[in-house]
Amino acid sequence: GSGTGSTGQAADGKPQVVAAFYPLEWAAEQVGGDLVDVTSLTAPGAEPHDLELTPQQVAAVSDADLVLYISEFQPAVDDAVAQNADSAVDVAADLEHLAAEAHSHEGEEGGDHAEEASYDPHVWLDPTNMAAIVTLVGEKLGAADPANASTYTANAEKAVAELGTLDAEWKAGTATCTNRDLVVSHEAFGYLAKRYGFEQVGVSGLSPEAEPSPARIAEVADFVRANGVTTIYFETLVDPKVAETVAAETGATTAVLDPLEGLAEGSSEDYLSVMRTNLETVKAGQGCS
Amino acid sequence: MTHDHPHATADTDPTAVFAVSRACVTFDGECVVDEVDLVIRAGEVVAVLGENGAGKSTLVRAMLGLTPLSHGGVRVHGVPVEQFRDWDRVGYVPQRLLSAGAVPTSVHEVVESALWGPRRRFGRTRRSPDVERALRAVGLWDRRDDRMDTLSGGQQRRVLIARALATGADTFVLDEPTAGIDADSSARLAATLGELAASGATIIVVTHELGIIAPIVTRALVLGRGDHGSVRYDGPPRREELAHHHAWHHSEELAPAEAPPAPVTLLEP
Amino acid sequence: MTHDHPHATADTDPTAVFAVSRACVTFDGECVVDEVDLVIRAGEVVAVLGENGAGKSTLVRAMLGLTPLSHGGVRVHGVPVEQFRDWDRVGYVPQRLLSAGAVPTSVHEVVESALWGPRRRFGRTRRSPDVERALRAVGLWDRRDDRMDTLSGGQQRRVLIARALATGADTFVLDEPTAGIDADSSARLAATLGELAASGATIIVVTHELGIIAPIVTRALVLGRGDHGSVRYDGPPRREELAHHHAWHHSEELAPAEAPPAPVTLLEP
Amino acid sequence: MDLLQYDFLQRALIAAAVVGLVTPLIGVFLVQRRLALLGDGMGHVALAGVGLAFLFGTAPVPTALVAAACGAVIIELIRAKSRTAGDLALALIFYGGIAGGVLFTSLAGGRSSAALNQYLFGSLSTVSATDLVWLGVVAVIVLVVLAVFGRDIFVLALDPDLARTQGIRTTATSMLLTVLAALAVVIGMRTVGLLLVSAIMIVPVAAAQQLSRSFRGTAALGVVVGELSAVLGLVASFQLDVPPGPAIVVLALLFFGACAAVAVPLRRRRSRRVAAARPAVLHEEVAA
Amino acid sequence: MDLLQYDFLQRALIAAAVVGLVTPLIGVFLVQRRLALLGDGMGHVALAGVGLAFLFGTAPVPTALVAAACGAVIIELIRAKSRTAGDLALALIFYGGIAGGVLFTSLAGGRSSAALNQYLFGSLSTVSATDLVWLGVVAVIVLVVLAVFGRDIFVLALDPDLARTQGIRTTATSMLLTVLAALAVVIGMRTVGLLLVSAIMIVPVAAAQQLSRSFRGTAALGVVVGELSAVLGLVASFQLDVPPGPAIVVLALLFFGACAAVAVPLRRRRSRRVAAARPAVLHEEVAA
Ligand SMILES: Nc1ncnc2c1ncn2[C@@H]1O[C@H](COP(=O)(O)OP(=O)(O)OP(=O)(O)O)[C@@H](O)[C@H]1O
Ligand SMILES: Nc1ncnc2c1ncn2[C@@H]1O[C@H](COP(=O)(O)OP(=O)(O)OP(=O)(O)O)[C@@H](O)[C@H]1O
Ligand SMILES: [Mg+2]
Ligand SMILES: [Mg+2]
Ligand SMILES: [Zn+2]
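Model, not experiment: these values are computed from the prediction. (Residues numbered from 1 in each chain as written. Chains lettered and ligands numbered in written order. Predicted model: local features only at pLDDT ≥ 70, side-chain atom pairs only at ≥ 80, totals over all residues. Heavy atoms only, no water.)

**Describing the overall build of chain A**
Looking only at helices and strands, chain A has ten helices and eight strands in total. Counting only residues that meet the buried cut, chain A has 60% of its 289 residues in that class. Residue pairs at least 24 apart in sequence account for 61% of intrachain contacts in chain A once pairs closer than 6 positions are excluded. Carbon and sulfur atoms provide 51% of the accessible area of chain A, an area that totals close to 9,900 Å². (Helix = DSSP H or I, 4+ residues; strand = E, 2+ residues; numbered from the N terminus. Buried < 20%, exposed > 50% of the residue type's maximum accessible area, 1.4 Å probe, protein only. Contact = heavy atoms within 4.5 Å. Areas by Shrake-Rupley, 256 points an atom, 1.4 Å probe, with all protein chains shown as cover.)

**Notes on the confidence of the model for chain A**
Residues and elements named next belong to chain A. Here chain A shows a mean pLDDT of 76. Residues at 70 or above account for 77%. Averaged pLDDT values over the elements of chain A bottom out at 43 in helix α4 (residues 96-109) and peak at 91 in helix α6 (residues 149-174). Segment residues 99-117 is flagged for pLDDT under 50; beyond a separation of four residues in sequence, or across chains, it makes 34 contacts in the model. (pLDDT = per-residue confidence, 0-100.)

**Brief notes about the coordination of the magnesium ion (ligand 3)**
All names here are of chain B. Listed as protein donors to the magnesium ion (ligand 3) are Ser57 (OG) and Gln95 (OE1); their distances from the metal cover 1.8 to 2.1 Å. One end of the pair, Ser57, is in helix α1 (residues 56-63); the other, Gln95, is in the loop between β6 (90-93) and α2 (107-112), with 38 residues separating them in the sequence. The same class applies to Ser57 as to Gln95, namely buried. (Donors = N, O, S within 2.8 Å, 3.2 Å for Na, K, Ca; no water.)

**A look at the interface of chain D and chain B**
Across the boundary between the two partners, chain D contributes 35 residues, which contact 49 residues of chain B. Counting the surface lost from both chain D and chain B, the interface buries some 3,800 Å², and carbon and sulfur atoms represent 52% of this. The interface formed by chain D and chain B holds four salt bridges in total. Here Arg216 of chain D makes a salt bridge to Glu109 of chain B, at a shortest N to O gap of 3.9 Å. Taken together, chain D and chain B are joined by twelve residue pairs in polar contact (both at pLDDT 80 or more). At the level of secondary structure, the elements contributing two or more residues to the side of chain D that touches chain B comprise α1 (7-32), α6 (129-158), α7 (160-164) and α10 (215-240) of chain D. In terms of residue count, the dominant contributor to the side of chain D that touches chain B is α6 of chain D (eight residues). (Buried area = accessible area lost by both parts, 1.4 Å probe. Salt bridge = Lys/Arg side-chain N within 4 Å of Asp/Glu carboxyl O. Polar contact = N/O pair within 3.5 Å; in protein donor to acceptor, adjacent residues only side chain to side chain.)

**With respect to the relation of the copies chain D and chain E**
After a rotation of 180° and a shift along the axis of 0.0 Å, chain D superposes on chain E with an RMSD of 0.1 Å. Given the turn and translation reported, the copies of this chain are related as if by a two-fold rotation axis. Identified as the residue of chain D closest to the rotation axis by C-alpha distance is Asp87 of chain D, at 3.7 Å. When the interface residues of chain D are mapped onto chain E, 100% of them again lie at the interface, so the same face is used by both copies. (Least-squares fit on C-alpha atoms with pLDDT ≥ 70 in both.)

**Focus on the pattern of salt bridges**
Residue and element names in this part refer to chain C. Summed over all chains, the structure comprises 36 salt bridges over all chains. The closest approach of N and O atoms between Glu132 and Arg136, which form a salt bridge, is 3.0 Å. Taken as a pair, Glu132 and Arg136 lie in helix α3 (residues 129-137) at a separation of four residues, close to a single helical turn. Arg136 sits in the partly exposed class, given a relative accessible area of 28%. With its nearest N and O atoms 2.6 Å apart, the salt bridge here joins Asp146 to Arg143.

**Remarks on the site of ligand 2**
Inspection of the region around ligand 2 gives 20 residues, with Lys56, Ser57 and Thr58 of chain B together with Arg143 and Ser152 of chain C positioned closest. Residues lining ligand 2 come from chains B and C. In the model, an oxygen atom of ligand 2 is placed 3.4 Å from a nitrogen or oxygen of the Glu176 of chain B side chain. Within the side chain of Gln155 of chain C, a nitrogen or oxygen atom sits 3.4 Å from an oxygen atom of ligand 2. Protein chains shield 87% of the accessible area of ligand 2, which is 640 Å² for the free molecule. Counting residues per element, the ones that place at least two in the shell around ligand 2 are α1 of chain B together with α4 (153-166) of chain C. Along the lines of polarity and charge, the residues of the shell around ligand 2 split into four nonpolar, twelve polar and four charged. (Near = heavy atom within 4 Å. Nonpolar A, V, L, I, M, F, W, Y, C, P; charged D, E, K, R; others polar.)

**Quick look at the environment of Ala197 of chain B**
All names here are of chain B. Looking at where Ala197 falls in the secondary structure, it is placed in helix α5 (residues 183-198). Classification of Ala197 by relative accessible area gives buried; the value is 19%. As for Ala197 and Glu44, which are separated by 153 residues in sequence, their C-alpha atoms are 7.6 Å apart. Ignoring anything within four residues of it in the chain, the contact list for Ala197 reads Val45 and Ile203.

**Topic: the state of the cysteines**
For the coordinates displayed, the defined rule picks out one disulfide over all chains. Two residues, Cys177 of chain A and Cys288 of chain A, share a disulfide whose sulfurs are 1.8 Å apart. Between Cys177 of chain A and Cys288 of chain A the disulfide shows an S-S torsion of about 95°. By sign, it is right-handed. One end of the pair, Cys177 of chain A, is in the loop between α6 and β5 (181-184); the other, Cys288 of chain A, is in the segment after α10 (271-285), with 111 residues separating them in the sequence. Counting only cysteine sulfurs, Cys31 of chain C is the nearest neighbor of Cys24 of chain C, a cysteine outside any disulfide, at a range of 4.6 Å. (Disulfide = S-S within 2.5 Å.)

**Some thoughts on the side chain of Thr192 of chain C**
Within the element layout of this structure, Thr192 of chain C appears in helix α5 (residues 183-198). Beyond its immediate stretch of four places on either side in the chain, Thr192 of chain C contacts Ala137 and Leu165 of chain C.

**Describing the pairing of strand β9 (residues 219-223) of chain C**
Residues and elements named next belong to chain C. With five of five residues buried, β9 is to be regarded as a mostly interior element. Where β9 meets strand β10 (residues 231-235), four bridges bridge the pair, whose relative direction is antiparallel. Directly across from Leu223, in β10, lies its bridge partner Val231. (Pairing = 2+ DSSP bridges.)

**Concerning the packing of helix α8 (residues 214-227) of chain A against helix α10 (residues 215-240) of chain E**
The contact between α8 of chain A and α10 of chain E brings their axes to 6 Å, and the two run at 55°. In terms of orientation, α8 of chain A lies oblique with respect to α10 of chain E. Counted together, Pro214, Ala215 and Ala218 of chain A of α8 of chain A and Leu234, Ser237 and Phe238 of chain E of α10 of chain E form the full contact between these two elements. Residues of the contact of α8 of chain A with α10 of chain E, tallied by class, amount to five nonpolar, one polar and no charged. (Axes fitted to C-alpha atoms, helices over the stretch in contact; angles between N-to-C directions. Parallel < 35°, antiparallel > 145°, perpendicular 65-115°, else oblique.)

**Notes on the site of ligand 1**
Close to ligand 1 lie 20 residues; Arg143 and Ser152 of chain B together with Lys56, Ser57 and Thr58 of chain C are nearest. Per-site note: the chains with residues close to ligand 1 are chains B and C. Take Ser152 of chain B: an N or O atom from its side chain is 2.5 Å from an oxygen atom of ligand 1. Separating an oxygen atom of ligand 1 from a backbone N or O atom of Gly53 of chain C is a distance of 2.9 Å. Notes on ligand 1: free accessible area 630 Å², of which the protein chains cover 88%.

**Observations concerning the sheet that holds β5 of chain A**
Residue and element names in this part refer to chain A. Reading across from one edge, β6-β5-β7-β8 is the order of the four strands in this open sheet, with parallel pairing throughout. What marks the edges here is a single partner per strand, and that holds for β6 (199-202) and β8 (253-256). Strand-to-strand twist in this sheet, taken as the mean axis angle between neighbours without regard to direction, amounts to 35°. By the bridge criterion, four bridges tie strand β7 (residues 231-234) to β8 in an arrangement that is parallel. Residue pairing for β8: Thr231 is matched across the bridge by Thr253. Taken strand by strand, helix α9 (residues 241-250) contacts β7 and β8, and its axis lies near 170° from that of β7. Lying on the sheet, α10 is in contact with β5, β7 and β8; it crosses β7 at an angle near 155°.

In structure tokens, the structure reads:
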């Protein structure tokens, strides 16, 4: 069913876009510019034990002209979308090549410590995927607000170009890396690793209840020693202890690799700048001089 | 007003309210109730006596199916106690007070709950005359809306007695009903039990002080560790035999010889 | 072996073990203990009598600081009870049994725990002769290693008595210590209390059956709802006065006139 | 903004009303049996069930339900067969549920608990029409079972011995309660969320018993507090833009605080009246 | 593979041994006071504390500790001042903790609970040297406090009235226990994980009390079971490649099952001996 209040346009007449979390918000802002109102549900992943959307957020979802989300990433959002939004777009499912990639990803890592859902939802960490998402958002916004369709298309193309630049920087920056094993505390970087020729080695999941097994840590430590890995990456939102343990065990150092599930409060960064920071981190950590 | 010879086999007696045959209760490997044979017939008023730990409570609990027998059997109204279903014929007063529940419970609800159970699932019980009669019999009708746990110890025991009376049963098992109860209330209870006995009810009273209920008791059962199972004496409540069997004052070591502490209750200064 | 006139002011008496002055306890707006003035001196053996709900337990609890007074005051050995610190001089037997704890506790541990507290934090108590003596006094030394909750009701109360005895106190407050206890054990308790009294201890016994402890009682206190506060009678334990004040059998309505149920404990058939 | 303008809020309102009505009725028995944390415990057992479902490839939600029911039965068996208090038996199941959930999922290939949770955690703002049907069915089951067996459960909680001498089958009856609670919790967590369903079972009862002198009174007042917390909490969560589950629970806790605060003066006043009406206690009636 | 070859496993082993030794000693008092789920409850209150820290910008872990201590104090106050049973007071704090945690973080701008968790959740495999120091300090505090006040707490749990007539300050003493438990839980969850610390407090005690006839015996056997579960569970988790926390807890639960299973025959055998040694009960000694 859909909200009866789903009248299409809000008070100021701009199309309402609701993004599930930060990278999608960024995509919508790039494409919509000043022509749309973008809001984010900003409830990045994790323990839905106590995660709930507020009724106003659900109302926003049901009133929105376009809802951008990734299914099986945030169950609460899935639920809200399932009942309230005709205008929801699962940016991962709607792009066939992404879904296919996701499945092959599951095939190759199956049984390992990778998945939170039936596929790896962290698609946005590959700039080319992000470009596809931006293009898709352009199409959908154009359909929702045909009057401005051409502006959206133009904006999308501009963003795709920027993403292309980013991709090129990554390609160039990582071409000379001496070490191709990306040891991370949470496997969010599968797509990124694949694109730039790294092998992602995860230490554990991110949830407090999914504590890492000692055998797994020992295995990773052995791997780190054997392959001369010098840097273990952890992400901003998750406890660095796992990474620190492996680092201490092997004499490697730790560094932050941001999976971009959300921005820190009051941060002036955006998708591009964070990805560039990540690139510098990886270049330093993997010996790509 | 008859009684059985101890150690009679009891299984076959059709008039028995309780027929206990070769019953043993074992706790932690120790026989607490040992080879008890017993028939209690309708209309008997049996006092169960014996020192602390003699197994009085255990025996009556076993008779009610509350404590499993390690061997032997109990029949209630001819039916093995495990299969007995006519529980509305039985009123029981446990030895221990109810432990204070986490949710407040009124005196009326405690007594009223005697009327609940598989047989009487949907009747109204809040205005039942049985409840009122029972609470008046123990002198606590005016406390009916108070929380059970704000009553004094003796009052709580009286509520439990009222609960048994309210069942309208014809068989009563009372485990030390007068412990901690004042003289008036004991007398009142004795009178009530007398009435019930007169109307044909079967009554089993575990007690340490026959005192005020002595007039209505028709049979005494003294439990204790003996050579032939737990029953030391089973017969009419005769003074000498009970004293001989440790059930009543005979504490030679403590009281002056031949002058046991006068059962007179008060000193003349 | 003196006693005070009721309603004497008591605050100033220096020899008093307990000095209660104009004490009131209010539960839910109702005075349960009402304007009680009372001095108990060292060496007195006081029986506290009265019907269920008369406020006996409430009064002794208030004297021990367990129940707050709504007004008035209690002094113990001259010190307001709230500031009293010499608690190792006091042994208390509560009316209710301990509720079964979730963790098994042995009889020995229960008695031994009487020796613990702020004043005696590090002494060894497992082999204390006090504990053994106390448990032998109630005849339960051989049950010392059993779980408290596997004892019979009467045995559990005897453990609590042993616990009070083990303190080595000189002041004892026993709330219905003989309820549910067999004749032998009561006699033994009476003997023990007699010894303690002879050695100068102060003893307060709440009871419904003066019976076996009557010989050692020096003073009786009858509580109940009266015109002048809760104390109906305070004086030597004389039969008529106690009867007059409802503390003992006088139930004219129930017993045949002029022949109250004989206090003789057993029928002669 | 008008609340009822949104379908999802209408559904949320209905769901909150149903939960506020039915769960305190279970809760009053749970509180009396000292199983106040059963709700959360069952939630964890249900999670272990989902872990098992991952391991064996069965359907998650039914497996969770079965696991919770088994957990309920085991609690009662532990209680009945070994010397273990109710809260301790619950703790065993509780920690067993958490540990089992993590182990099973770890064995099933390391899916994180986020994957577990999506099968189990609902939220008041996202209740669907199907959820409402489920809630309604469970509510009717609960009400019917309590109407038929509530008195037995009460007697049992009063004293197990007395219950048995009234012909009540004690183990079966207490299992009935626990399984009923487990059913309500699992369906409730799937639809309106675990926090809401398990807390609204208990907190209003805790509030009610401050003021009440009887079991019936506690149950009735508990339902009132539950209803008020649920409906007002939902409205407040919309106004304040906070998640509805915690808002409702916090409101119920405020009710508890208020009830505890007024309990003392109220008791005092009430009983002065009683005292006046009862001049000579225990003396007006003589033996019947 | 040799376990001790890895530093982190050496640290894990030490941490497990400390936790297995110390927490059952707290747990035996918690079980007796019917607060078996206090550990998990304190965990949730600590989360609410982190939520508060986000809201006010204070340091998360100290705020969590203060919140847990306040929760502990509130439990005892609710118990002492209102007619509320221990498990119910705990439930109120428990649900209050969850609801508060979500509300505060939601008000603090929608950080997820994952952000909360990173401040609080440890794991045996990731114990650092600093963590070990913290654990050691808390262990010493716990042991000292229990050595000094354990007897008081025991008397209090036996019967509050008796405790008071022995001069024990009841409210302060029970707060002491609860605050001590809260301290252990918060430090424990930060270092070795909430599941481990709160479950190993309780489950070994539940196992021990099946076989024991005394409080001391329960405490001693509880420590043995706790130690065995912790060390063997860690080794097993390494061999089986599963997380250590749940492995240890599941092992402790197996110990519980084993103890419950042997309890009946053992009791029988033991007492036949006693019965033989005690021919005429209650008759060999006369008044002292
Ligand atoms: N916590 C309480 N709240 C309310 N009323 C109470 C409370 N405790 C006791 N009372 C009431 O105070 C009165 C006196 O109680 P108390 O226990 O002192 O009686 P008692 O003389 O010891 O009686 P008993 O012989 O039955 O032990 C009773 O009417 C009882 O209902
Ligand atoms: N659950 C139990 N486990 C082990 N032993 C028990 C258990 N219950 C009772 N006993 C033992 O059985 C014996 C008889 O107990 P019971 O309660 O029947 O005595 P009683 O005659 O009723 O004594 P009292 O006069 O004190 O009530 C006691 O020695 C007691 O220790
Ligand atoms: Mg008995
Ligand atoms: Mg009393
Ligand atoms: Zn939880």
